[in-house]
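# Geometric and topological summary
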Amino acid sequence: MKFARFLVALVVLALASSVATAGDPSPLQDFCVAINDPKDAVFVNGKFCMDPKLATAKDFSFSGLNIPRDTVNKVGSNVTLLNVDQIPGLNTLGISLARIDYAPNGGLNPPHTHPRGTEILVVVEGTLYVGFVTSNPDNRFISKVLYPGDVFVFPIGLIHFQLNIAKTPAVAFAGLSSQNPGTITIANAVFGSDPPISPDVLAKAFQLDSKIVSYLQKQFGGNNK
Ligand SMILES: *[C@@H]1O[C@H](CO)[C@@H](O)[C@H](O)[C@H]1NC(C)=O
């Protein structure tokens, strides 16, 4: 039953990707499996491409996305992203896939953006409160509570999050319109940058006392990224 729902989720994601028009640039050939060693390469299109005759199913596949991830961490969530680094056959195809696990009672995928990809998410298990904020000057907050089978779109570049508001674990899958959508987690980027941003900048920008800024910089410094 769980696996059937997982398959439905994947089909939804596949259909979504086939109608998307705003992914990475057109591949210009069937595929361009990414390789590091140019010895067997024939085309160059951002990365070296494997000779297409040498490509096999393993270059286009990944197993184990049905296995729940460990969510015991500060935010109570775990994102497993399959981009071009995990599936080299995604190179130039403008799409990637994520599994997101949320701990019960408040597991949070904290506010973040994907600079290169729109995201379409489907809830497979649990109850998620999700939302995104539009760009300046409106900064409109668009949000919804999602149940299994519900789908939500986070437009490219906009700050968004998901929060598990139920007493049970939650699981979602998401398609992203880039082979490498990138992620900027707002709190980590702002308060945990390396080296740190001057506290004066953050105190003024966030209208905070500088003591609170240094507290936040301690929270997000070190190995919290
Ligand atoms: C995510 O889950 C994997 C496998 O359960 C685990 O190895 C990894 O440490 C977890 N990541 C975080 C951030 O908790």
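Residues numbered from 1 in each chain as written. Predicted model: local features only at pLDDT ≥ 70, side-chain atom pairs only at ≥ 80, totals over all residues. Heavy atoms only, no water.

Residues given the UniProt feature "binding site: oxalate" (unreviewed entry) here are Asn109, His114 and Glu119. For Asn109, the position within the fold is in strand β6 (residues 108-113). Apart from the residues lying within four places of it in its own chain, the contact partners of Asn109 are Ser77, Val79, Ile100, Tyr102, Phe161 and Gln162. With respect to the helices and strands, the residue Glu119 is situated in strand β7 (residues 119-125). When its relative accessible area of 3% is taken as the criterion, Glu119 is described as buried. Apart from the residues within four sequence positions on either side, Glu119 is in contact with Ile100, His112, His114, Phe152, Val153, Phe154, His160, Gln162, Ala174, Gly175 and Leu176. (UniProt positions renumbered as here; feature names shortened; annotations may be inferred. Helix = DSSP H or I, 4+ residues; strand = E, 2+ residues; numbered from the N terminus. Contact = heavy atoms within 4.5 Å. Buried < 20%, exposed > 50% of the residue type's maximum accessible area, 1.4 Å probe, protein only.)

One finds Tyr102, Leu121, Leu128, Val130, Leu146, Phe152 and Phe154 to be the most contacted residues of the largest nonpolar core, which totals 14 residues. Of all the secondary structure elements, the ones that give two or more residues to this core are β5 (96-102), β7, β8 (128-133), β10 (151-154) and β12 (170-176). Beyond its immediate stretch of four places on either side in the chain, Phe154 contacts Thr118, Glu119, Leu121, Val130, Gly131, Phe132, His160, Phe161 and Gln162. (Core = buried A, V, L, I, M, F, W, Y, C linked by side-chain atoms within 4.5 Å.)

For the rest of this paragraph, the subject is the site of the ligand. Surveying the vicinity of the ligand reveals the residues Arg69, Asp70, Asn73 and Asn78. Between an oxygen atom of the ligand and a side-chain N or O atom of Asn73, the distance comes to 2.8 Å. Its free accessible area being 360 Å², the ligand has 42% of it covered by the protein chains. Considered class by class, the residues forming the shell around the ligand number no nonpolar, two polar and two charged. (Near = heavy atom within 4 Å. Polar contact = N/O pair within 3.5 Å; in protein donor to acceptor, adjacent residues only side chain to side chain. Areas by Shrake-Rupley, 256 points an atom, 1.4 Å probe, with all protein chains shown as cover. Nonpolar A, V, L, I, M, F, W, Y, C, P; charged D, E, K, R; others polar.)

Let us now look at the pattern of salt bridges. Overall, the coordinates contain two salt bridges when judged by the stated rule. Here Lys58 and Asp59 are joined by a salt bridge, their closest N and O atoms 3.6 Å apart. Since its relative accessible area comes to 61%, Lys58 is described here as exposed. A salt bridge links Asp101 to Arg99, with the shortest nitrogen-to-oxygen separation between them at 2.8 Å. Here Asp101 falls in the buried class, since its relative accessible area comes to 4%. Judged by its relative accessible area of 4%, Arg99 is buried. (Salt bridge = Lys/Arg side-chain N within 4 Å of Asp/Glu carboxyl O.)

For the pair helix α3 (residues 199-206) and helix α4 (residues 210-220), interaxial distance at closest approach is 9 Å and the crossing angle is 115 degrees. The angle between α3 and α4 places the two elements in the roughly perpendicular class. Once α3 is placed against α4, the crossing between them reads as right-handed. Facing Pro199, Leu202 and Ala203 of α3, the residues of α4 in contact are Ser210, Val213 and Gln217. (Axes fitted to C-alpha atoms, helices over the stretch in contact; angles between N-to-C directions. Parallel < 35°, antiparallel > 145°, perpendicular 65-115°, else oblique. Left-handed = near helix turned anticlockwise from the far one by under 90°.)

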